Structure formats: structure tokens, C-alpha cells
Amino acid sequence: MPGSRLREGIVRGRVATVQYRPGGPPLAAGIARLVAMPDGLRGLLAFGPMPRRFRRLATALIAVAALTGCGAEGDSARTLALSDCRLPHLATAARCGSVAVPEDRGKPGGRTLTIHVAVLPANTLSPRGDPLVLLAGGPGQAASALAPFAARLHEIRRTRDVVLVDQRGTGRSSPLTCAAYSDDGVRESALELDPRPRAAACADELAKAGVDASQYTTAAFVADLEAVRIALGAPQWNLWGGSYGTRVALEYLRRHPDRVRTVALDGVASPDMKISLDLWTTRERALDALFERCRATPACAKAMPDPAATLGAIEHDLGARGREVSLVDPATGETRRVPASIDLVIALLQPLLYAPETSALIPVMLERAREGDFAPLAAGAGAFSVDLVQQMNIPLHYSVTCAEDVPRVTAALRAQALAGLRSARLANMALGVCEVWPKGTAPDDAFTPMVSDVPALLLSGGLDPVTPPANGEEVARTLSNHRHIVAPGYAHIVSPHACGPRLLAAFVDAAGFATLPADCVERLENSRPPALWTGLLGPVSP
């Protein structure tokens, strides 16, 4: 049937009629759309009972569709088989499959990895051919951990699938696993300050298992993503990256510019950012800014006139070598003695800076610690440890940063950046991991500015302790078609909060900024951080 309108309807999948109604639009058009879909045969069952002449037509259309090859929209080119699956903290089933890729693309006959792909289907039988892909942060977070955020993207899912691809080495994509970073291992290491012994043990275990940890890099993941796009049959897709996911999004855009329709960058990690070094300085600035905010807030200043001095008093009390303190385990209620030092206190403070709600607790937590009660601080940071176990793959984090970040940190740069930082000893121990971890490589141009005219929406939290708004401004300079929205009242990652999903939907739908909801933009740009706690009962407690 070359040239016929029926064949064109099947191949291009333009028709949205998907339900048989006597006297309604032509059923043939609906069937044509269904058989052009990857799950077309299954979709036909949705019609239920239908007249015999239409059943014959459906059979004929299926046969024709098998002969028509790939459609212009790419739907019928899908080779990825999907089946129902469950994702963490997602009430409804998703559709999942996997794509096989070589661990080392320089050795095609070598070890094979499976890249896990989850699709939250569009709420239509006529989805557009350019889905939204969510790229997780870390590095080390699995995209499947973003399922609750993906489920909130109702407006995007009216017309598009949302795709979650676990980065190689994370989640269900051939995860890098070793005893040192098992659930028990991470819990045991909760109060450890030097990560090098566990990293060395893990690297040795992976090597003995035949895993080449040097192959788990951003460049390798970008190649995996392209394999996934081809398997999905998507001519283009829209990218959303959060934190480290913005590095992945920009690198994919660099390598495959024609395949990206839009890119949304939230918590921007600029290509030249040295994650392993820069986060120590930005988190220190965020802590100082919090202390200054307390001094400038009458209620906080009255209760805690100088949080920085309080931290200094804690350091003096613990002494240069530290000492044992009593902690009540919030999970069991048991009291135990643990070694504590100022380095441990600083390490416990830093994860609390990532969310405004927890950073608001820091002044009162420090006051309690000065009085000898470290339990609130340990409990708050412990909650992040649970999330770390569930969402992050630490070995993958080391594979990426030891290949891409630490090699760019010279001794002189390290000394200059860490001079005078409270966290300098912690930073030096963390950087030392790469002395025992396998080192991959990165393309020479991976750290240069990304120049593009693809529509780009950038979001930054004014309180972000690791990817501050300055990062977004830097990246925006070479993105000629961009909009950068800064939300002063938010910290790391803005999109899931308030009207963020609606803003993202408007951007993706229009592939531009003309229809961004003005009330949402105003709400984000005029946001304010939550009140600082001045006592255990809240901001207004005496």
C-alpha cells in the first residue's frame, strides 16, 4: 500500500482516536495509532468487543504495520521490550526493560552490562515521540530513585513518557557492589572520617570479581544513553538533569546535539567544576552564610549571638584529639559511647545544608552540642545516611570523580582552595580515595563550556551549598537560548518543590519560555527560606 493515507497513518502515528464508539471517529485511525506503538497488540485489547468487520481490519492493519518498517516519529522503531515493574516509593507500576552494553567499548567481546530503563507512560495512547528523560545526581544516585518526582510530572505525562535510566553502576544497571558499601557496611561507617580504607577494600573486591571500575564514567554513561534512545525509538528527547545529572545532560548535548529538543538544568554543575574539591569550599560558604543569617535575625541572634563562636567552643571542648561522647541511638533508644572530634561535627553538619528545612535546625543543634548533647546532630545526619544507602552507589561516585575531577586538582590548587577551611582535613582524606581507586579517563573537551542554542531552562536554589547560582550563570553564558531562574528560598534542586513541575511542563511543551507560568516564576524568585529554629520547639520557642 505504498503512498496510501492508511500506511502513512500507521507509520507516522498521527491519529489520536483510540476508542471505538458507534458513530464516533473512524476506528481504523485509532487502530492505526495503536499498531504503530511498541505495545500495539496489547493496546488493541483495550477496544473490547467490536464489530467483526473491524476485527478483520485490525488484523490486516497489524500485518501491514509489520511490513512498513520504522516510522517518521520513531515509535515503531522501538526494540526495547518493556514489562510491568515496581520502583521505590512509586504507588503505581512502571514499564521497565534493559539495554545490553559493553562495559568497555574498546573491548566489544568483553564484559556486558545491563542498563535499566523505566518508563512512566504518558496518560494517552498517542504519546509524542520525544519523552522526558530524568538524569540523577551524585554521581552515584540511581534515576529510579527519582520515581516520586517523576510521578508528580502529571502535566508532562499528559502527552509524553517520562524515562528513568539508572546510570551504569547504580540502581539496577549492573551496580558496583562490595561488602564495604553494603547496607551494613555503610551503617558501620556512619561515624568514620577517613574513607580510604573502605575504598581500597572495595576496589580490591571489584577487581577480583572481574569488574573494571575505571569504565564507569560520564562519557560511558552518555554512550549508554544514546544506546537507550535508539532502543526506545525516540528521534529526539528532552533532558532534565539534577546536580551531577546536569553534567551528564550537557555532555550528552555536546556529543549528540541533534537528539536533544530541550534541556532543563537544576542545580547546575558547570563542565569545569571539580566536584571533589569545589563542594568543600561552597559548603563552607553556605555554613558561613547561615551563621550570618542567624546574626542578622533578631530572634536567632538573641538565642545564639554567634553560632561560629559556638562551633569554636565545641572544638575547644572536644580537644585536638577528640574524646568520647554519649549518643542515644534514635532507632533503638540505646545509649552508646562514640569517639567525637570537631571533624566529626563538621561532617555531620554538611549534609544538613542541602535542604532549607534541615539547615534551619543547625543553630539550635550546635547549641545542644555545646551543652554536651550531640544526639540531635547525629540523628539529623543519620537520616541522610539512610537515604545514602538506599539511593547512592558510593563506588560509582569514586569511579566518576577519580576519572574526571581529582586529576584536575593539582597540589597547588588543593592547598589554595582548602587553606583556612574548617573541613580541610576531611577534604584531603576524601581526595585521597583516588590514590587507591581505578582511574578512568575523560574526553579532552569535556570540561570546556558547552555552546548551544537548544532551549535551556536553568534553575538554582539561592541556598544551594554545592551548586550555587553562580554555576548556573557561568553555564548560561554559552547557552544562547536560555532562561535562568533563581529561587532564593530553596537549596539544592528546585524542580520538585512548589510549582516546579508545572514550570517544567510549560517549558517542555513549548520548547521555550513564552508560556512559562508567570505566577510560578514570581513565586520561586520571591521565595524565602524558613525561619531559623531558636530552640527545640521551633523558631518561636523561648
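Residues numbered from 1 in each chain as written. Predicted model: local features only at pLDDT ≥ 70, side-chain atom pairs only at ≥ 80, totals over all residues. Heavy atoms only, no water.

Peer 1: In this structure, what is going on with the overall build of the chain? I would like to understand it.
Peer 2: Counting secondary structure elements, the chain contains 22 helices and eleven strands. Within the chain, the fraction of its 542 residues that count as buried is 52%. Taking contacts inside the chain between residues at least 6 apart in sequence as the whole, the part at least 24 apart equals 74%. In the structure as shown, the chain presents an accessible area of about 23500 Å², 55% of it carried by carbon and sulfur atoms. (Helix = DSSP H or I, 4+ residues; strand = E, 2+ residues; numbered from the N terminus. Buried < 20%, exposed > 50% of the residue type's maximum accessible area, 1.4 Å probe, protein only. Contact = heavy atoms within 4.5 Å. Areas by Shrake-Rupley, 256 points an atom, 1.4 Å probe, with all protein chains shown as cover.)

Peer 1: Looking at this structure, I do not really get the sheet that holds strand β3 (residues 112-120). What am I missing?
Peer 2: Sheets are built from strands paired through backbone hydrogen bonds, the pairs being either parallel or antiparallel. The nine strands are arranged β1-β2-β3-β5-β4-β6-β7-β10-β11 in an open sheet whose pairing can be described as mixed. Looking along the sheet, the strands with just one partner apiece sit at the ends: β1 (83-85) and β11 (482-487). Each neighbouring strand pair of the sheet contributes to a mean axis angle of 25°, computed without reference to strand direction. As paired strands, strand β10 (residues 456-461) and β11 are joined by six bridges and run parallel to one another. Its bridge partner being in β11, G461 is matched across the sheet by A487. This element, helix α8 (residues 218-232), spans β2 (94-102), β3, β4 (132-135), β5 (162-165) and β6 (237-242) of the sheet and lies at about 125° to β2. Relative to β10, helix α20 (residues 469-476) is tilted by about 160°, and along the sheet it contacts β7 (260-266), β10 and β11. (Pairing = 2+ DSSP bridges. Axes fitted to C-alpha atoms, helices over the stretch in contact; angles between N-to-C directions.)

Peer 1: Any chance you could explain the packing of α8 against helix α9 (residues 244-255) here in plain terms?
Peer 2: Packed helices, taken two at a time, are described by the angle between their axes plus the distance between the axes. Here α8 crosses α9 at 65°, and the two axes come no closer than 10 Å. Judged by the angle between their axes, α8 and α9 are roughly perpendicular. Relative to α9, the crossing made by α8 is right-handed. Where α8 approaches α9, its residues T218, F221, V222, L225, E226 and R229 are matched on the opposing element by Y244, R247, V248, E251, Y252 and R255. Looking at the contact of α8 with α9 residue by residue, the class counts come to six nonpolar, one polar and five charged. (Parallel < 35°, antiparallel > 145°, perpendicular 65-115°, else oblique. Left-handed = near helix turned anticlockwise from the far one by under 90°. Nonpolar A, V, L, I, M, F, W, Y, C, P; charged D, E, K, R; others polar.)

Peer 1: For this particular structure, what's the right way to read the state of the cysteines?
Peer 2: What we call a disulfide is simply a covalent bond connecting the sulfur atoms of a pair of cysteines. This structure, assessed with the given rule, holds five disulfides. Across the disulfide, C85 is cross-linked to C96 (sulfur-sulfur distance 1.8 Å). Disulfide C85 to C96: torsion about the S-S bond roughly 50°, handedness right-handed. With a gap of eleven residues between them, C85 in strand β1 and C96 in strand β2 connect regions that are remote in the sequence. As far as burial versus exposure is concerned, C85 and C96 are alike and both buried. When the bonded cysteines of the chain are counted from the start of the sequence, the pairing works out to 1-2, 3-4, 5-6, 7-8, 9-10. (Disulfide = S-S within 2.5 Å.)

Peer 1: Where do I start with the side chain of D266 in this structure?
Peer 2: Along the polypeptide, D266 turns up in strand β7. At 3.0 Å, the side chain of D266 and the backbone nitrogen of V494 are in polar contact. At 2.6 Å, the side chain of D266 and the side chain of S495 are in polar contact. The contact partners of D266, leaving out residues within four places of it in the chain, are W240, G241, G242, S243, T246, L459, I493, V494 and S495. (Polar contact = N/O pair within 3.5 Å; in protein donor to acceptor, adjacent residues only side chain to side chain.)

Peer 1: Just to check I follow, could you spell out empty space enclosed by the protein for this structure?
Peer 2: One water molecule sets the probe size; rolling that probe over the atoms shows where empty space is left. Taken as a whole and judged by the stated rule, the model has three cavities of 30 Å³ or more. Taken together, 14 residues form the lining of the largest cavity, with T218, R247, E251, E404 and A446 sitting closest to its centre. For the lining of the largest cavity, the secondary-structure elements that each account for two or more residues are α8 and α9. Residue classes in the lining of the largest cavity are distributed as seven nonpolar, three polar and four charged. Its volume calculated, the second largest cavity comes out at about 60 Å³. Considering the residues around the second largest cavity, the lining is formed by V325, L327, V338, A340, L344, V345, L348, F374 and A378. Listing elements by their share of the lining of the second largest cavity, those giving two or more residues are β8 (323-328), β9 (335-340) and α13 (342-349). When residues of the lining of the second largest cavity are assigned to their parent elements, the largest contribution, three residues, is made by α13. Tallied by class, residues from the lining of the second largest cavity come to nine nonpolar, no polar and no charged. (1 Å grid on protein atoms, 1.4 Å probe; cavity = no way out; pocket = protein on both sides within 12 Å on 5 of 7 lines; lining within 4 Å. Points joined across faces, edges and corners; volume = space filled by probe spheres on them.)

Peer 1: Help me understand the nonpolar core in this model?
Peer 2: Proteins that are soluble and globular tend to have nonpolar side chains buried together. Membership of the largest hydrophobic core comes to 106 residues, with the highest contact counts inside it found for Y181, V263, L265, V345, I362 and W437. Per-element accounting of this core gives the leading share, nine residues, to helix α10 (residues 275-296). Discounting residues that sit within four places of it in the chain, Y181 has contacts with V186, P195, R198, A199, C202, I394, P395 and Y398. Judged by nonpolar contacts, the second largest core, of 40 residues, contains C96, L503, V508 and F513. (Core = buried A, V, L, I, M, F, W, Y, C linked by side-chain atoms within 4.5 Å.)

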